[in-house]
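# Structure assessment
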Amino acid sequence: MKVAVIGSGGREHAIVKKLKESKGVDKLYAIPGNGGMTMDAECVAIGVNETEKIVDFVKTNDINYVVVTPDNQLVDGMVDALAEIGVKCFGPDKKAAIIEGSKVFSKNLMKKYGIPTASYEVFTNPEDALEYVKTAPLPTVIKADGLALGKGVIIAETREAAEKAIESIMEDKIFGESGANIVIEEFMTGPEASVLAFCDGKTLIPMVSAMDHKRAKDNDKGLNTGGMGTVAPNPYYTDKVAQECIDKIFMPTIRAMEAEGRPFKGCLFFGLMITADGPKVIEYNCRFGDPETQVVIPLLDSDLLEIMMACTDGTLAEKEVKFKDSAACCVVLASNGYPEKYESGFPITVDGEVDGKLYYAGAKLKEGKVVTAGGRVMGVVALADDLKSAIAKAYKETDKISFENKYKRNDIGARALKAFEEVK
Ligand code: AMP
Ligand code: GLY
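To start, this report covers the structure provided alongside it.

How each quantity is defined
Residues numbered from 1 in each chain as written. Chains lettered and ligands numbered in written order. Predicted model: local features only at pLDDT ≥ 70, side-chain atom pairs only at ≥ 80, totals over all residues. Heavy atoms only, no water. Helix = DSSP H or I, 4+ residues; strand = E, 2+ residues; numbered from the N terminus. Rg over C-alpha atoms; globule rule 2.2 N^0.38 Å. Contact = heavy atoms within 4.5 Å. Areas by Shrake-Rupley, 256 points an atom, 1.4 Å probe, with all protein chains shown as cover. Lys, Arg positive; Asp, Glu negative; His and termini not counted. Charge placed at Lys NZ, Arg CZ, Asp CG, Glu CD. Pairing = 2+ DSSP bridges. Axes fitted to C-alpha atoms, helices over the stretch in contact; angles between N-to-C directions. Near = heavy atom within 4 Å. Polar contact = N/O pair within 3.5 Å; in protein donor to acceptor, adjacent residues only side chain to side chain. Nonpolar A, V, L, I, M, F, W, Y, C, P; charged D, E, K, R; others polar.

### Considerations on the overall build of the protein chain
Tallying secondary structure elements over the protein chain gives 13 helices and 25 strands in all. Compactness check: the protein chain gives a C-alpha radius of gyration of 21 Å against a globular reference of 22 Å for 424 residues, within 12% of the reference. For the protein chain, the spread of C-alpha atoms along the principal axes amounts to about 60 × 45 × 45 Å. For the protein chain, restricting intrachain contacts to residue pairs at least 6 apart in sequence, the fraction spanning at least 24 positions comes to 68%. As displayed, the protein chain offers around 18300 Å² of accessible surface, 48% of which is attributable to carbon and sulfur atoms. When the 53 positive and 64 negative side-chain charges of the protein chain are each reduced to one mean point, those points stand 2 Å apart.

### Notes on the sheet that holds strand β7 (residues 140–144)
Taken together, the four strands give an open sheet; going across it, the order is β6-β9-β7-β8, and neighbouring strands pair in antiparallel fashion. Of all strands in the sheet, those bounded by a partner on one side alone are β6 (120–123) and β8 (153–156). Along the sheet, successive strands turn relative to each other by an average axial angle of 20°, direction set aside. Strand direction decides the pairing type here: β7 and β8, joined by four bridges, are antiparallel. Bridge pairing links valine 141 to isoleucine 155 in β8. Sitting on the sheet, helix α8 (residues 159–171) is in contact with β6, β7, β8 and β9 (182–186), with an inclination near 5° to β7.

### What about the site of ligand 1?
Around ligand 1 there are 14 residues in total, and Glu185, Glu186, Met188, Glu192 and Glu283 lie nearest to it. Between ligand 1 and glutamate 192 there is a distance of 2.4 Å, counted from an oxygen atom to a side-chain nitrogen or oxygen. Relative to its unbound accessible surface of 470 Å², ligand 1 loses 88% to contact with the protein. Within the residue set of the shell around ligand 1, elements represented by two or more residues are β7, β8, β9 and β17 (278–285). Among the residues making up the shell around ligand 1, the classes are represented as eight nonpolar, no polar and six charged.

Given below as structure tokens:
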């Protein structure tokens, strides 16, 4: 079978590497992929948002199955466009991808079906929103309705900051039309956990839990990034929390989407906060997380293509989805300056064999050499029997990678390790 993966990040590289192990895969394409992925897939130079060209390429090359991972493409209906030419995909159609595409939709869904989340109000004009924050409890959380490259959330500590956030989102349109409507919600506290789940519209199977590290600097300082590293499993996601999530969040969500005539097929990502009142949903994503995928997928002990196709075909209940009883750590190597200004174009060298996996993201080929081409350059991933060893191993392997302006956090997994020790 010929399979194509749409996207160009470390998440897509992790999926490609895992699909390479699947029995049913004869040929793998990455569209567009990146310069560090060429060993694992044929990278096709078509932009991720050039849907028509992608559909054409899939048709001309008789590709049988397409894995669509990026949020914009799912929300814009790439799965629907491929279905029109009779090609099956892993990923939700446009109707179901709205669970990430509109925060107003997802918050209303949770309210209607009693799924625990922060209490909230929706605003369609700045005047009402500005009036509301005059008396809203602080801090308050202001979110653009639509996709905003993961940046559409502002936590305002003061009334002035809340007013500024409303004005910049709704009037100055810093997130474009994504900010035409906003959600203002209660500020929750507690540790966070990311849980990805395979879904076929009716059946949902959660994957091993993960912990992201979103801030650029050690000790969760600095700006928010796309993610500087991850560990799995997440110590705060205990068996008790997991059961509560299945009963009160995961199954009610998949049933709610079905009841709304929007059955969700693909990977549903639950961004959770474990509050004093139990787990609550921070956000849904309609796709694999990045860099969560880089630690979750290597721990999968089943055939990824088979599971993905079962999600598409509605036969997930017949499949066994197994995970290794191990731990994983991903340390992101970035270009110094990310997520703001940084330089790239520097050759990447790998000194000897890496004991683990390298998932490339911001990398491209230049005169036959792999050079840096983005903020997050790659994820270095190690697996071990326990988290402590996985972290130590991942960090040891990062020393084998060199490029100018290499930057990493030095405390990925430190908080998780402490929490595991407290739980023990
Ligand atoms: P999101 O883009 O929705 O994942 O939000 C980004 C980050 O903002 C989350 O990972 C949380 O750390 C934080 N956040 C979002 N919503 C809330 C909330 N209601 N209370 C506290 N923190 C939040
Ligand atoms: N790591 C969070 C995300 O993929 O949105």
